[in-house]
Amino acid sequence: MKLRLILGDQLNERHPWFAVPSDEILYTLMEVRSETDYVAHHIQKVTAIFMAMRKFADNLAKKGHKVQYIQLDDPRNQQSFIENIKLIVQRYPIREIEYQEPDEYRLDRTLAELSIKTGLPVTMAKSEHFLTSRDSIAEVFPGKKHYLLETFYRYYRKKYQILILPDGTPEGGRWNFDAENRKSYPKNHVPPEPLFFNHSADEVVTMLSKSGVTTIGQMENNQLHYPLDRAEALRLLEHFAIQLLPNFGTYQDAMHTHHAFGYHSRLSFALNTKMLHPLEVIQRCIDEWRARPGEISLSQLEGFVRQILGWREYMRAIYWAKMPEYATLNYFNHHNPLPEWYWTGNTNMNCLKHTIRQSLQYAYAHHIQRLMVTGNFALLAGCHPNEVDQWYLGIYIDAFEWVEITNTRGMSQFADGGIVGTKPYTSSANYINKMSNYCKSCSYNHKLKHGPRACPFNSMYWHFFHRHRNLLEHNPRIGMMYRTWDKMESDERQKILAQAEKYLNAINDL
Ligand code: FAD
Ligand code: DLZ
Ligand code: SF4
């Protein structure tokens, strides 16, 4: 008999493994403390993964597959993949083991020991999930030291013939529509209601609490709103293509106190747990765009395809090219702890209050909130990338290390010194004010750099560039900034630096 392990983020029912049921194959899924405890996860993340795993196991059994599901509170549960597999191997006549390519380095290493630990032959199967392979950096950039997203993205647009004309040029004559895609919401603009699923998570919540699993965040009335199986994930995709795609690109970067989700798809959980394949998501959106000419502009579609075929695959490629060293990088040698209010949202800074409270409420914030509010502030505050990673890895429903660490340590904290991005993503209050309504009801003044009500972003922004001058001055994309700084009156510069230091020294009181 063959044992096949399915991890909690491998819920792809269309994998060739499941084509034909066989009594000679035993599938196993397991809820284990080694996974619930490697970071404090959001309560919605753990319950969503467990409930989706349970549904997946039930569906497999209904289709005639043999399934062994180990719940977290099962008295025989050894709470680790390897130890549980050892037990299964003792109980059943298992002669060989298979698992699918894991997406985390940590699990890749653990499962590589399965054969030694069990004495059985072990095979790793392709997960069939991504559009690129683990070594796609070497494929796209042979012998190169720099890996531009744009080059990667165009390479795979061509390879998969996505929005490519017969003569090899991009549909619409351009590769990039970012310039059209950066608007804030007009006054009184209300995006469509998000599609919520209402799953009662009572059973799993009770089990987690009885088992003493530490979680963060909230789940109102134990109602989980994320899709938990492929059918629901497909409904969410339909909702996105029909209702949200027409404005996705335009308002991709917009933030608002009343609209947590805007035109964002909320598909990341379904994609990262493999309920949906990235190519079917892209294809569904292309079909909708073709069916509604004049109603959905190419800039909306291209902005979305870029996220999935570009950023998502690119981040995974960087992860496998650079792990395990990547997890140790700290370019700026930052060592501060995260402010305490990252765990509560209790700060007077309105943008941070909203973004953090929303993250605790929904296990969700969209890209610009993650990058330009929480990420931006943590970078300016000199927080240790380990602390920042732990926070992002725990709090978001879609957080798995391969995509979390590259976005956080790389894109947001520039701790990789420029592997993912060409310069740090920082901004003063000006950008946040332009893209949101946060500053309008903030107790700080977004226009002031110093003085009692001055927005902390403004002085901390200059302090960051001032203290890292040696590392950043020669970056061609940043040089201008130092020229502006140097042109300021010396007295003004001193006031800004003093203000920043005051804030940095009392960061928990902001
Ligand atoms: P949409 O805005 O609707 O975008 C569509 C899809 O594109 C997403 O579902 C996602 O699969 C993909 N995508 C978009 N941007 C990125 C990106 N930068 N990297 C990879 N995929 C992308 N995404 C995660 O899936 N997991 C994470 O742990 C994660 N951590 C992040 C941490 C930081 C600091 C930052 C700045 C970004 C992070 N992202 C992460 C990327 C992005 O913010 C989320 O994918 C997105 O907000 C998910 O919401 P959505 O499904 O509504 O996305
Ligand atoms: C995130 C998570 C959690 C909380 N629990 C489990 C679990 O008990 N069993 C499991 O198979 N997977 C779980 N996961 C997902 C994994 O930790 C891990 O993030 C991915 O499998 C790595 O790609
Ligand atoms: Fe955020 Fe500053 Fe605007 Fe307040 S004024 S919302 S702290 S950017």
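Conventions and cut-offs
- Within each chain, residue numbers correspond to sequence positions counted from 1 in written order.
- Note on labels: chains are lettered from A, ligands numbered from 1, in written order.
- Predicted model: local features are reported for residues with pLDDT of at least 70 only, side-chain atom pairs are reported and counted for 80 or more only, and whole-chain, interface and lining totals are derived from all residues.
- Helix and strand definitions follow DSSP, with helices as H or I runs of at least four residues and strands as E runs of at least two, each counted in order from the N terminus.
- Computation of the radius of gyration draws on C-alpha atoms alone. For the globule rule, the value is 2.2 Å times the number of residues to the power 0.38.
- Counts of 20 or more other C-beta atoms within 10 Å of a residue's own C-beta define buried residues, counts of 12 or fewer define exposed ones, and intermediate counts define partly exposed ones; C-beta atoms are placed from the backbone.
- By the convention adopted here, residues are in contact when the distance between their C-beta atoms, placed from the backbone, does not exceed 7 Å.
- An automatic or database domain assignment is the source of the domain bounds shown.
- Residues are grouped as follows: nonpolar covers Ala, Val, Leu, Ile, Met, Phe, Trp, Tyr, Cys and Pro; charged covers Asp, Glu, Lys and Arg; every other residue, Gly included, is treated as polar.
- Defining nearness, a residue is near a molecule or strand when the C-beta atom obtained from its backbone falls within 6 Å of it.
- By this definition, two strands are paired if DSSP reports at least two bridges between them.
- A helix is expected to reach a length of 1.5 Å times the quantity of its residues less one.
- Here the bend at a residue means the angle between the axes of two seven-residue stretches, the one that ends at it and the one that starts at it.
- Only the stretch in contact is used when fitting a helix axis, every axis being a line fitted to C-alpha atoms; angles between N-to-C directions are given from 0 to 180 degrees.

Caption draft 1: Representation of the overall build of the protein chain. Tallying secondary structure elements over the protein chain gives 21 helices and seven strands in all. Taking 24 Å as the expected radius of gyration for a compact globule of 510 residues, we find that the protein chain reaches 24 Å, a close match to that expectation. Summarising its shape, the C-alpha atoms of the protein chain cover approximately 80 × 55 × 50 Å along the three principal directions. Taking all 510 residues of the protein chain together, 43% fall into the buried category. Taking the intrachain contacts of the protein chain between residues at least 6 apart in sequence as the baseline, contacts between residues at least 24 apart amount to 75%.

Caption draft 2: Molecular detail of the domain arrangement of the protein chain. The domain boundaries assigned to the protein chain delineate domain 1 (2-125), domain 2 (136-322) and domain 3 (340-509). For domain 1 versus domain 2, the separation of C-alpha centres amounts to 27 Å. Across the contact, 20 residues belong to domain 1 and 25 residues belong to domain 2. At nine residues, helix α2 (residues 43-62) tops the list of elements feeding residues into the side of domain 1 that touches domain 2. Of the residues belonging to the side of domain 1 that touches domain 2, the class tally is nine nonpolar, seven polar and four charged.

Caption draft 3: How the structure looks around the site of ligand 1. Among the 27 residues in the neighbourhood of ligand 1, the closest are listed as His264, Ser265, Ser268, Gln307 and Glu404. At six residues, the largest contribution of residues to the shell around ligand 1 is made by helix α16 (residues 401-412). Of the residues contributing to the shell around ligand 1, the split by class is 11 nonpolar, 11 polar and five charged.

Caption draft 4: Seen up close, the pairing of strand β1 (residues 2-5). Alignment of β1 against strand β2 (residues 25-30), held across four bridges, turns out to be parallel. Bridging from a neighbouring strand, arginine 4 pairs with tyrosine 27 of β2. As judged from the four bridges shared by β1 and strand β4 (residues 96-100), these two strands associate in the parallel manner. Pairing of arginine 4 across the sheet is with glutamate 98, part of β4.

Caption draft 5: A look at helix α9 (residues 230-248). With 19 residues, α9 extends just 23 Å between its outermost C-alpha atoms, more than 12% less than the 27 Å of an ideal straight helix rising 1.5 Å per residue. Considering bend angle alone, the principal kink of α9 is centred on isoleucine 242 and spans about 45 degrees; proline proline 246 follows within four residues of it. Among all positions in α9, only Arg230, Ala233, Leu236, Leu237, Phe240, Ala241, Leu244, Leu245, Asn247 and Phe248 are buried. Where the residues of α9 are buried, they touch α10 (268-272), α11 (278-291) and α12 (298-322).

Caption draft 6: Broad picture of the site of ligand 2. Taken together, the neighbourhood of ligand 2 is formed by 16 residues, with Leu7, Gly8, Glu35, Asp103 and Glu104 sitting nearest. Listing elements by their share of the shell around ligand 2, those giving two or more residues are α1 (33-36) and α2. Of the residues assigned to the shell around ligand 2, the class counts are eight nonpolar, three polar and five charged.

Caption draft 7: Molecular detail of the sheet that holds strand β3 (residues 66-70). Ordered by their spatial adjacency, five strands build an open sheet running β3-β2-β1-β4-β5, and the pairing between neighbours is parallel. Each edge of the open sheet carries a strand with a single partner, namely β3 and β5 (122-125). Averaged over all pairs of adjacent strands, the angle between strand axes in this sheet comes to 25 degrees, irrespective of strand direction. Set on the sheet, helix α3 (residues 81-91) makes contact with β1, β2, β3 and β4; between it and β1 the angle comes to about 155 degrees.

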